[in-house]
Amino acid sequence: MTLYEPPPGTPTDENAVTLLKNRFPEFWHECEDDDGSYIVYADFARWLIKKIHSARSDDQINKAFAFLEELLDKGGADIENLIALSTAEVLADELENIDEYPIGPKLSALIKED
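1. Quick notes on the overall build of the protein
Right, on to step 1. If you tally the helices and strands in the protein, you get 6 helices and 0 strands.
Right, on to step 2. Walking the protein from its N terminus toward its C terminus, one meets helices and strands in the order α-α-α-α-α-α.
Right, on to step 3. Counting the 114 residues in the protein, one finds 43% classified as buried.
Right, on to step 4. Of the contacts formed within the protein by residues at least 6 apart in sequence, a portion of 58% connects residues at least 24 apart.
Right, on to step 5. As presented, the protein carries roughly 6,800 Å² of accessible surface, and 47% of it is formed by carbon and sulfur atoms.

2. Topic: the side chain of Ser108
Right, on to step 1. Within the secondary structure layout, Ser108 lies in helix 6 (residues 105-113).
Right, on to step 2. Setting aside anything within four residues of it in sequence, one finds Ser108 in contact with Ile98 and Ile103.

Cut-offs and rules
- Residues numbered from 1 in each chain as written.
- Predicted model: local features only at pLDDT ≥ 70, side-chain atom pairs only at ≥ 80, totals over all residues.
- Heavy atoms only, no water.
- Helix = DSSP H or I, 4+ residues; strand = E, 2+ residues; numbered from the N terminus.
- Buried < 20%, exposed > 50% of the residue type's maximum accessible area, 1.4 Å probe, protein only.
- Contact = heavy atoms within 4.5 Å.
- Areas by Shrake-Rupley, 256 points an atom, 1.4 Å probe, with all protein chains shown as cover.

Okay, structure coming up:
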């Protein structure tokens, strides 16, 4: 019996940290803990919130939300769970009005579920 393997380049829980590290080296330099994708993606949400509150990083904010939406578009259930239980949960707790931010529809739905 062969297990399903997603096509090359598909975001998965196994490669999610590498994708984040490659796309956001500026975050990675500030990341304190790389023990597991859920912790890293929660830290990424906290990093993003700091950028939002500093109001000096519109390009990074837009890039971060676009990256998360891209992962949700291209990834499967494991990516949705990763983002829902880490990033979206932190964003839901910290952002008062998510409609003010350039959040895509899939991420927005996950945040509103929390």
